[in-house]
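In case you want the letters, here they are:
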Amino acid sequence: MNKVNLEDLHLMIIQVLHSKNMILGEDENNNSEIEFSDDDNLQTIGFDSFCFIQLVVMLEEKYNVEFTDENLVLSELNTVSKIKYTIENIL
Amino acid sequence: MDIVHIMEEIYNLKFTKACVTVKISVITNLCLEPYFSKLLYLELKKIDCKTKINYFNILDIAYPEKTEKLFSSDVIVIFVNYEQKYDFKFHSNNMVINEIIDDSVNFIKNIEKHFAGKLIWVSYEDFYKNNEQVYGNLLTNNDNIDYINYVIHKKIPKNIISINLKNLMSQIGKNYCFDYNFFCKWGNPYSFRLLSFIVNEIVYQFRKAQKTNIKCIVLDCDNVLWGGVLSDIGCSGIILGHTYRGYLYQKFQYLLLEMYKRGIILALCSKNNVEDVLQVFQTNENMILKLEHIAEYKINWFDKSQNISELSKELKIDYKNIAFIDDSEYEINIIRKQLPEVTTVHFDINTIFENMKICHLGENVDVEEAQLRTQTYQSNKYRKNVLSESTSIKEYLDSIENRCTIKKSVESELKRISELSNRTNRMSSHRRYTYENLRKQLKHNSYKLYSVYVSDKFGDLGLVGCIGIDSNKNNLDLFCLSCRALGRTIEQQMIEFVVHNYKIEQIFFEKDSTNFELFNLFKNKFEIGISVQFTND
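Below is a short write-up of the structure. For every chain, the first residue of the written sequence is number 1, and numbering continues from 1 along that sequence. Both sets of labels track the order of writing: A upward for chains, 1 upward for ligands. Local features are withheld for residues below a pLDDT of 70 in this predicted model, meaning they are given only at 70 or higher, and side-chain atom pairs are given and counted only at 80 or more; totals for whole chains, interfaces and linings count all residues. Remark: hydrogens and water are excluded; side-chain values derive from all non-hydrogen atoms of the structure.

## Details of the sheet that holds strand 10 (residues 343-346) of chain B
All names here are of chain B. Pairs of strands are assigned from DSSP output, requiring at least two bridges between the strands. To qualify as a helix, a DSSP run of H or I must reach at least 4 residues; to qualify as a strand, a run of E must reach at least 2; elements of each kind are numbered from the N terminus. Strand order in the open sheet made by the five strands is 8-7-6-9-10, with parallel pairing throughout. Whereas interior strands pair on both sides, the edge strands pair on one side only; in this sheet they are strand 8 (294-300) and strand 10. Across the sheet, the axes of successive neighbouring strands diverge by a mean angle of 20°, strand direction being ignored. Pairing of strand 9 (residues 322-326) with strand 10 involves four bridges; the strand directions are parallel. Within the sheet, the bridge partner assigned to Ile 325 lies in strand 10 and is Val 345. Should any heavy atoms of two residues lie within 4.5 Å, those residues are considered in contact. Working convention: axes come from line fits to C-alpha atoms, limited for helices to the stretch in contact. Angles between N-to-C directions cover 0 to 180 degrees. Taken strand by strand, helix 13 (residues 329-338) contacts strand 7 (265-271), strand 9 and strand 10, and its axis lies near 170° from that of strand 10.

## Let's talk about the pattern of salt bridges
Residues and elements named next belong to chain B. Any Lys or Arg side-chain nitrogen found within 4 Å of a carboxyl oxygen on Asp or Glu counts as a salt bridge. Per the counting criterion, the structure on display carries 18 salt bridges over all chains. Asp 146 is paired through a salt bridge with Lys 166; the nearest N and O atoms lie 3.0 Å apart. Of this pair, Asp 146 sits in helix 5 (residues 144-155) while Lys 166 sits in helix 6 (residues 165-172), placing them 20 residues apart in sequence. Judged by relative accessible area, which is 14%, Lys 166 ranks as buried. A salt bridge links Asp 326 to Lys 304, with the nearest nitrogen and oxygen atoms 2.8 Å apart. Taken as a pair, Asp 326 in strand 9 and Lys 304 in helix 12 (residues 304-315) lie far apart in primary sequence, 22 residues in all. Type-normalised accessible area, obtained with a 1.4 Å probe on protein chains alone, sets the label of each residue: buried when under 20%, exposed when over 50%, and partly exposed for intermediate values. The class of Lys 304 is buried, set by a relative accessible area of 3%.

## Regarding the interface of chain B and chain A
Listed by partner, the interface residues are 26 residues for chain B and 25 residues for chain A. When the area that chain B buries against chain A is broken down by residue, the three leading residues are Met 7, Tyr 11 and Trp 186 of chain B, summing to 29%. In this assembly, chain B and chain A are joined by zero salt bridges. Here a polar contact means two N or O atoms within 3.5 Å. Within protein one must be a hydrogen donor candidate and the other an acceptor candidate, and residues neighboring in sequence count only if both atoms are side-chain atoms. One can count three residue pairs in polar contact (both at pLDDT 80 or more) joining chain B with chain A. Mapped by element, the contributors of at least two residues to the side of chain B that touches chain A are helix 1 (3-11), helix 2 (35-45), strand 2 (49-57) and helix 7 (180-186) of chain B. The classification used treats Ala, Val, Leu, Ile, Met, Phe, Trp, Tyr, Cys and Pro as nonpolar, Asp, Glu, Lys and Arg as charged, and all other residues, Gly among them, as polar. Of the residues contributing to the side of chain B that touches chain A, the split by class is 14 nonpolar, four polar and eight charged. The term buried area means the drop in 1.4 Å probe accessible area that two parts suffer when joined, counted for both and summed.

## As for helix 6 of chain B
All names here are of chain B. Looking only at helix 6, the buried set comprises Leu 165, Lys 166, Leu 168, Met 169 and Ile 172. Down the axis, helix 6 shows its buried residues gathered within 160° of arc, on one side only. The exposed set on the far side of helix 6, more than 90 degrees from its buried face, consists of Ser 170 and Gln 171. Contacts made by the buried residues of helix 6 are with strand 3 (75-79), strand 4 (118-122), helix 5, strand 5 (161-163) and helix 8 (192-210). What the arc covers is the set of directions going from the helix axis to the C-beta atoms.

Right under this line is the structure:
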């Protein structure tokens, strides 16, 4: 079983943002420069509902878990710390 | 590959400076994130395209402020889930089915009318609900969806690409096409696997639309049309039919025959004794292809690049429109190096059917005309003999009893004229018309369309040219002549006809390296720059 690692979560969030911007063609700057702390609201760095779906699918696959409807509340998954806490609870 | 790896790959992608940006719009009633865009993005990266993808809900199409980005799209994909759109209704009577068909056709036609991007329609499927059938038993209405798809496909304009979703699903198997977890969470019933199949098909169709048409396939014989080396094992020893491998070669010949019927010219280029190969064609009962299907052959022991070069000249087909199939990597590499414009396909009996996709034709082909084309190439041998005995072009044309007839076009000729306008390059002003656009154009009484027929004592070349004139604006809008009819002064006769009947003030002309001869002819005949202007609006 994969251990939930904050660094991994950061990277996954950056990847989601990067792919969103690349595919929409809105911002082609290097997204690895985006900085955010564990408690920053992800919506402030450009996370939208599509990003949210993308991240959940990635998390399910990476940590081999399944989010139930109760877990899928945006306000409970909008910071890195909350995501870590939710996954650890499911695990 | 899973989504975590896909995201990593996208994150680490590097594009070359030469990469092309492709704008794709997807009109759908599904949540196609997170897989669809990523797969599409990666697949198009393989051909050095950078993709920008936008999604539009089918309900948003009615609002102009929400569809702005559709105007600049290169490709528009319509991917609508049948059951969600038509609300899981049980469609049992004809009226409801016809309503669905009309609704869908109008929707697709509206998109086609308002937006310029290449349109791809992913057809419907009704496997998800699955309540109209019991396994192994056929109840009612489960062929409705096939009927609906069929009629929609027939009713929408031919330039729209239809992707047969049920066919794709059958390749994976129905049980692997759906993801119920995904459906419950995001409202998209399709599995990662099916979505990747659909993406591959969209990219393939996109590539096909970009690619130059293959008009002629040049075939090696040994280990391509049959198994074994003819000069070693003789006519009776070749592997064709009877055995597993033999049937595969026969199946390949069936595919070639189907292509021939849809307008592809077949030619042979093989290192062999010509008598041996002809004997196989004439006497081997298992041969599906007959000599009548072969427009020209070069069977000798010379270099194949030289032979293909001669075939290209004799058939008057450019290298870029030729595909060469050979089982020898050595020969393929030589052609790649010496004739880089020729498409090469390495023959491997296990992969050839997949690789032949690149040569498939669209649907809008006049089959009778296509067959006439091969006959013309065949009878060209006799014409060549007469030419060698003649002292002048005029004497040659008189002796073959060359006849050119120009007459007003009728409805039944429009398909062929549209094909001509799209296929011809050298003797064409490069105005391209779809069948539908040609019909629209003809609704204006001022638009005059003429068909050009050519024949001689060796055969009928059929409808080989056309002229379109907007008599209100005195605009020579369309002018094209097939390469088959070149060298017979037909182009001059067509220009004479125009000059004699109309006072041309404008000529539509898109000049490039292929049609400069026609440009010069026009320049000599019309007073260009004084009273006649070239336009390419």
